[in-house]
Amino acid sequence: MFKHKTSILFVDHSCKEKKSIRVPTVLLVSWRKYLVGCLALILIFCAAFCFFIFNKTSNFYAHLYKNRLDHATRISNEIDVAKVKASFKSIDQHVKQINQLLAERGLSKLTLDNAGGPEVFDIAATDEVAALYDKELVKAEDIIRHTPIGRPHFGDQTSGFGHRYNPFGTGGVEGHTGLDFRGAIGETVKTTADGVVIFAGTKGGYGNCVMVQHQNGFQTLYGHLSKISVTEHQKIKSGEKIGEIGSTGRSTGPHLHYEVLINGTRTDPSRFTKL
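Residues numbered from 1 in each chain as written. Predicted model: local features only at pLDDT ≥ 70, side-chain atom pairs only at ≥ 80, totals over all residues. Heavy atoms only, no water.

Visitor: Would you mind going over the overall build of the protein in detail, with residue names and values included?
Guide: Scanning the protein for helices and strands turns up five helices and 15 strands. Here the protein holds 275 residues, and 34% of them are scored as buried. Contacts spanning at least 24 positions in sequence make up 59% of the contacts within the protein whose residues lie at least 6 apart. Carbon and sulfur atoms form 59% of the exposed surface of the protein, whose accessible area is close to 17,400 Å². (Helix = DSSP H or I, 4+ residues; strand = E, 2+ residues; numbered from the N terminus. Buried < 20%, exposed > 50% of the residue type's maximum accessible area, 1.4 Å probe, protein only. Contact = heavy atoms within 4.5 Å. Areas by Shrake-Rupley, 256 points an atom, 1.4 Å probe, with all protein chains shown as cover.)

Visitor: Lay out the nonpolar core in plain terms, naming residues and giving numbers.
Guide: If you look at the biggest cluster of nonpolar residues, it comprises 23 residues, and the most contacted ones within it are Val-189, Val-210, Tyr-222, Val-230, Ile-236, Ile-242 and Leu-256. Elements represented by at least two residues in this core include exactly α3 (81-104), α4 (126-146), β6 (179-182), β9 (208-213), β10 (218-225) and β14 (255-262). Ignoring sequence-local partners within four residues, the contact set of Ile-242 consists of Val-189, Lys-190, Thr-191, Val-210, Tyr-222, Lys-227, Ile-228, Ser-229, Val-230 and Ile-236. (Core = buried A, V, L, I, M, F, W, Y, C linked by side-chain atoms within 4.5 Å.)

Visitor: Go over the side chain of Thr-220 with me, naming the residues and quoting the values.
Guide: Inspection of the secondary structure puts Thr-220 in strand β10. Engagement of the side chain of Thr-220 in a polar contact is seen with the side chain of His-214, the distance being 2.8 Å. A polar contact of 2.8 Å, which involves the side chain of Thr-220, links it to the side chain of Tyr-222. Apart from the residues lying within four places of it in its own chain, the contact partners of Thr-220 are Pro-148, Thr-192, Val-210, Met-211, Val-212, His-214, Tyr-258, Glu-259 and Val-260. (Polar contact = N/O pair within 3.5 Å; in protein donor to acceptor, adjacent residues only side chain to side chain.)

Visitor: Please provide a residue-by-residue account of the pairing of β9, values included.
Guide: Here strand β8 (residues 195-202) pairs with β9 via six bridges, running antiparallel. Each bridged residue has a counterpart across the sheet, and for Phe-199 the counterpart in β9 is Met-211. Between the end of β8 and the start of β9, which pair antiparallel, lie five residues, with Gly-204 showing a positive phi angle near 50°. Pairing of β9 with β10, which is carried by five bridges, proceeds in the antiparallel orientation. Considered in β10, the bridge of Val-210 is made with Tyr-222. (Pairing = 2+ DSSP bridges.)

Visitor: I'd like a rundown of a nonpolar patch on the surface, residues and numbers included.
Guide: Residues Phe-45, Phe-49, Phe-52 and Ile-53 make up a contiguous nonpolar surface patch of about 440 Å² in total accessible area. With respect to the element layout, Phe-45 can be found in helix α2 (residues 31-78). (Patch = residues over 30% accessible without salt bridge, like charges linked within 9 Å, V, L, I, M, F, W, Y side chains within 5 Å. Salt bridge = Lys/Arg side-chain N within 4 Å of Asp/Glu carboxyl O.)

Visitor: Please provide a residue-by-residue account of the pattern of salt bridges, values included.
Guide: Applying the stated criterion to the full structure yields five salt bridges. Across the pair Asp-194 and Lys-237 runs a salt bridge, and its minimum N-O distance is 3.9 Å. Of this pair, Asp-194 sits in the loop between β7 (188-190) and β8 while Lys-237 sits in the loop between β12 (235-236) and β13 (241-244), placing them 43 residues apart in sequence. Judged by relative accessible area, Asp-194 falls into the buried class, the value being 4%. When salt bridges that share partners are traced, they join Arg-145, Asp-194 and Lys-237 into one network.

Visitor: An account of the environment of Ile-149 is requested, with residue identities and associated values reported.
Guide: Relative to the helices and strands, Ile-149 resides in the loop between α4 and β3 (157-159). The exposure class of Ile-149 is buried, given its relative accessible area of 7%. As for Ile-149 and Ser-238, which are separated by 89 residues in sequence, their C-alpha atoms are 9.5 Å apart.

Visitor: Please give an account of the side chain of Glu-259 that cites residues and values.
Guide: By the element assignment, Glu-259 lies in strand β14. Of the polar contacts made by the side chain of Glu-259, one reaches the side chain of Tyr-206; its length is 2.7 Å. A polar side-chain atom of Glu-259 sits 2.7 Å from a polar atom in the side chain of His-257. Beyond its immediate chain neighbours, meaning those up to four positions away, Glu-259 contacts Thr-177, Gly-178, Tyr-206, Gln-219, Thr-220, Leu-221, Arg-266 and Pro-269.

Visitor: I'd love a proper account of the packing of aromatic side chains, names of residues and values included.
Guide: How two aromatic rings sit relative to each other is given by the distance of their centres and the angle of their planes. Enumeration according to the criterion identifies two aromatic pairs in this entry. With a centroid separation of 5.5 Å and an interplanar angle of 90°, the aromatic rings of Phe-218 and Phe-272 are classed as edge-to-face. Here Phe-218, found in strand β10, pairs with Phe-272, found in helix α5 (residues 270-273); they are 54 residues apart in sequence, far enough to count as distant. Judged by its relative accessible area of 11%, Phe-218 is buried. On the accessibility criterion, Phe-272 (10% relative accessible area) is buried. Seen in terms of ring centroids, Tyr-222 and Tyr-258 are 5.4 Å apart; in terms of plane orientation they differ by 40°. Their pairing is tilted. (Phe/Tyr/Trp six-rings, centres within 6.5 Å; stacked < 30°, edge-to-face > 60°.)

Spelled out as C-alpha cells, the structure:
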C-alpha cells in the first residue's frame, strides 16, 4: 500500500536551492482519513489519562473518608458520654459558685467562653479537657473564696489608703491605714473572704473591731463597729455578717474602717475592692 510513492519538490524563493522528498502516495490521497485517525488516537489517550487521574483521586478520597469514618466510630465507642456530661455540669456549677462569690463582694460576674476547652482539639480527648477545666475552676473558686476581694459594705468610700488631712480638725496630715465607708448605725458589715476570726472586741482607736485570718497570709480588719456578730476562733464564710456599722473608738461619725494586711503588712485595700 505504501510502495507507490510521490515526489514533493521544495523550492526556496530565490530558486537557488531545491529539495525533494518522497512520500507514500496513499498519504497524500487519504490525508483527511489519517488526520482524523491521529486526532482520534489523541482523544483516546486524553480520555484514558483523565480516567486514570479520576480513578486515583476517587480512590484517595474514598480512603480518606473511610479513615475519617473509622476515626469517628472509634471516638463514639471510646468517649464516656455520661462522664463528659457530668464534667461539664460540674463546670457550670463551679462557675455559678464563683459568680455567687463575686456577687457577694459586689464584683462583676465571670463569663467563660469555650468553657469546655479550646475551639480546635481532638474530640476523643473531650473528657480529659473537661476534667482539666473542672480542676482549674475548683482552684479558681478556692482562691476567690479565701482572698479578700470586693467591699465589706456598699456605702460610699469617704477616705482612702495613705495620707489624709486629720478629720478631727486639729490640722496637719495623718497616715490612714485602710478605707472608710459611709453608713448608718446598724447596717450590716460582711467579711470579704472565708477565714477564722482571730480578734473580736475593743481595740484602741478602732473601737469595736473584728480581725479575720485568711489563707495565703491575708488578714482583714473591720473597725468602729456598733455590734460584733462573731466570736474569736469562729470559722466564717465570705459574705457572712460579722457586725454592724457604728462609731466606736476614734471616729467622727458612723462608718466602717476596713484594712487588708498581707503577712502582717498593711496594704491598700482598693487593690482588692476594685477588680
